[in-house]
Amino acid sequence: MGRRSKVFVPVPYSSGNVEYILINAAIGVGIAADAVIATIGRFRRFGRIQDALTWAAAIGLTHTVFPMIGLIGLWYAASSFPSLKAGIYGAGFLVMVWFITEVIREVAGFDDDDGDAANTEHDLLYRFISNHSKFWAAVWAVSIDALVTGPGKTAATAQWTQAQVLGSFPLVGVVVFGLVMLSAWPAIALHRYWKANKFTDPQGLARFTAIGSWIELSIFLYFAYLAVSEMVVALGVRPAISEFLIAGGFSVTTTVILLLILWERVWGTQLHEAEELLKQ
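What counts, and at which threshold
- Residues numbered from 1 in each chain as written.
- Predicted model: local features only at pLDDT ≥ 70, side-chain atom pairs only at ≥ 80, totals over all residues.
- Heavy atoms only, no water.
- Helix = DSSP H or I, 4+ residues; strand = E, 2+ residues; numbered from the N terminus.
- Areas by Shrake-Rupley, 256 points an atom, 1.4 Å probe, with all protein chains shown as cover.
- Axes fitted to C-alpha atoms, helices over the stretch in contact; angles between N-to-C directions.
- Parallel < 35°, antiparallel > 145°, perpendicular 65-115°, else oblique.
- Left-handed = near helix turned anticlockwise from the far one by under 90°.
- Contact = heavy atoms within 4.5 Å.
- Nonpolar A, V, L, I, M, F, W, Y, C, P; charged D, E, K, R; others polar.
- Core = buried A, V, L, I, M, F, W, Y, C linked by side-chain atoms within 4.5 Å.
- Buried < 20%, exposed > 50% of the residue type's maximum accessible area, 1.4 Å probe, protein only.
- Patch = residues over 30% accessible without salt bridge, like charges linked within 9 Å, V, L, I, M, F, W, Y side chains within 5 Å.
- Salt bridge = Lys/Arg side-chain N within 4 Å of Asp/Glu carboxyl O.
- Phe/Tyr/Trp six-rings, centres within 6.5 Å; stacked < 30°, edge-to-face > 60°.
- Expected span 1.5 Å × (residues − 1).
- Bend = angle between axes of the 7 residues up to and from the residue.

**Quick notes on the overall build of the protein**
Stage number 1. Helices and strands together make up the secondary structure of the protein, namely 10 helices and 0 strands.
Stage number 2. For the protein, the succession of helices and strands along the chain, N to C, is α-α-α-α-α-α-α-α-α-α.
Stage number 3. Roughly 14400 Å² of accessible area belongs to the protein as shown, and the carbon and sulfur atoms make up 66% of that amount.

What follows is the structure, encoded as structure tokens:
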């Protein structure tokens, strides 16, 4: 029985495999959120099922490989050198904070206020790829978060085996592929409405992108707080309750606070972008 538990229970909680699957599903939803939003925003390009399948396959591939690039080295270091754990989880937290800040700036339109030239359209690598393939440039634009959030995932894998870590990448990729394919159906429907000049109200599109942005933000906040919790545990402090519950509580609280402060601005920004999209 001891041997069997070592193979099949990914984390030391009674939920076992269910918890492992839920964590990977949450990671998949978090890094797929912007891809789903981008899929709806690209509705003009989805005239056929094949277009959606190609797009979803490319996004699923990058969201399998990119987190691996950003995570494997840090997970190995944390597993092999316990003395480095706290620093690695702290670094993961800082990366997540930086990325969350960028998400907030983008969805709330702060980049526009600052005249920030660092958005995707002005990115040198994006422009280089775009010169060769508009398709792969778009894939890169919505996949970059999967690369930079890899370190943030390190905390979630703190108690996983090597097999579980490696298995999580294709599992997350499948989740992303599935969500992007699901979002392709309304994109295809929007394409048909647009072709027939029936899609003129931007509020529905803005509502979708605003809600999707808040879901993405809340999940990234969860993994940021989880990194802090695991850092505290690595320093020898044992919390009274599970670090997963602590991270969840803080992420919900922070999301609510941000909603109260930024909801009107986020809605206004997303509505404006939806209006501009429909004018093109």
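**Topic: the packing of helix H2 (residues 17-41) against helix H9 (residues 203-234)**
Stage number 1. Between H2 and H9, the least distance of the axes is 9 Å, while the angle of their chain directions is 150°. By the angle class used here, H2 and H9 are roughly antiparallel. Along this stretch, H2 crosses H9, giving a crossing that reads as left-handed. Across from Ile23, Ala26, Ile27, Val29, Gly30, Ile31, Ala33, Asp34, Val36, Ile37 and Ile40 in H2, the residues of H9 making contact are Leu205, Phe208, Thr209, Gly212, Ser213, Ile215, Glu216, Ile219, Phe220 and Phe223.
Stage number 2. Split into classes, the residues belonging to the contact of H2 with H9 amount to 15 nonpolar, 4 polar and 2 charged.

**Details of the nonpolar core**
Stage number 1. Membership of the largest hydrophobic core comes to 58 residues, with the highest contact counts inside it found for Trp55, Ile59, Leu217 and Phe223.
Stage number 2. Looking at this core, the elements with two or more residues in it are H2, helix H3 (49-80), helix H4 (85-107), helix H7 (134-148), helix H8 (162-195), H9 and helix H10 (243-279).
Stage number 3. With 12 residues, H9 is the single largest residue contributor to this core.
Stage number 4. In contact with Leu217, not counting residues within four places along its chain, are Ile100, Val103, Ile104 and Leu258.

**Considerations on a nonpolar patch on the surface**
Stage number 1. On the surface, Val252, Val256, Ile257, Leu260 and Ile261 cluster together into a nonpolar patch covering about 520 Å² of accessible area.
Stage number 2. Positionally, Ile261 belongs in helix H10.
Stage number 3. Judged by its relative accessible area of 61%, Ile261 falls in the exposed class.

**Re the packing of H4 against H10**
Stage number 1. Where H4 contacts H10, the two axes come as close as 8 Å, and the packing angle between them is 55°. Here H4 is positioned oblique relative to H10, judged by the angle of their axes. In this structure, H4 uses Ile104, Glu106 and Val107 to contact H10, whose residues at the interface are Leu258, Leu262, Val266, Thr269, Gln270 and Glu273.
Stage number 2. Its residues placed into classes, the contact of H4 with H10 shows 5 nonpolar, 2 polar and 2 charged.

**Examining the side chain of Ser183**
Stage number 1. Considering the arrangement of structural elements, one finds Ser183 in helix H8.
Stage number 2. Ignoring sequence-local partners within four residues, the contact set of Ser183 consists of Val36, Thr39 and Ile40.

**A look at the packing of aromatic side chains**
Stage number 1. Across all of its chains, the model carries 3 aromatic pairs by this definition.
Stage number 2. Centre to centre, the rings of Tyr222 and Phe223 are 5.1 Å apart; their planes meet at 80°, and the pair counts as edge-to-face. In this pair, the class of Tyr222 matches that of Phe223, namely buried.
Stage number 3. When the centroid spacing of 6.5 Å and the interplanar angle of 15° are considered together, the rings of Trp263 and Trp267 count as stacked. Note that Trp263 and Trp267 are positioned in helix H10 at a spacing of 4 residues, about one turn of the helix.

**Here we look at the side chain of Thr255**
Stage number 1. Tracing the backbone through its elements, the reader meets Thr255 in helix H10.
Stage number 2. Look past the residues within four positions of Thr255 in its chain and what remains in contact with it is Trp214, Ser218 and Leu221.

**Details of the environment of Ile37**
Stage number 1. Note on placement: Ile37 falls in helix H2.
Stage number 2. Taking relative accessible area as the criterion, Ile37 reaches 18% and is therefore assigned buried.
Stage number 3. Once the C-alpha coordinates of Ile37 and Thr209 are considered, the two residues, 172 residues apart in sequence, prove to be 5.8 Å apart.
Stage number 4. With sequence-adjacent residues up to four places away left out, Ile37 is seen in contact with Phe208, Thr209, Gly212 and Ser213.

**Brief notes about H2**
Stage number 1. Look at H2: 35 Å from first C-alpha to last across 25 residues, which is about the 36 Å you get at 1.5 Å a residue.
Stage number 2. The sharpest bend along H2 comes to roughly 45°, located at Ala32.

**Describing the environment of Ile215**
Stage number 1. In this fold, Ile215 is placed in helix H9.
Stage number 2. Ile215 sits in the partly exposed class, given a relative accessible area of 39%.
Stage number 3. As a C-alpha pair, Ile215 and Ala33 span 182 residues in sequence and 7.4 Å in three-dimensional space.

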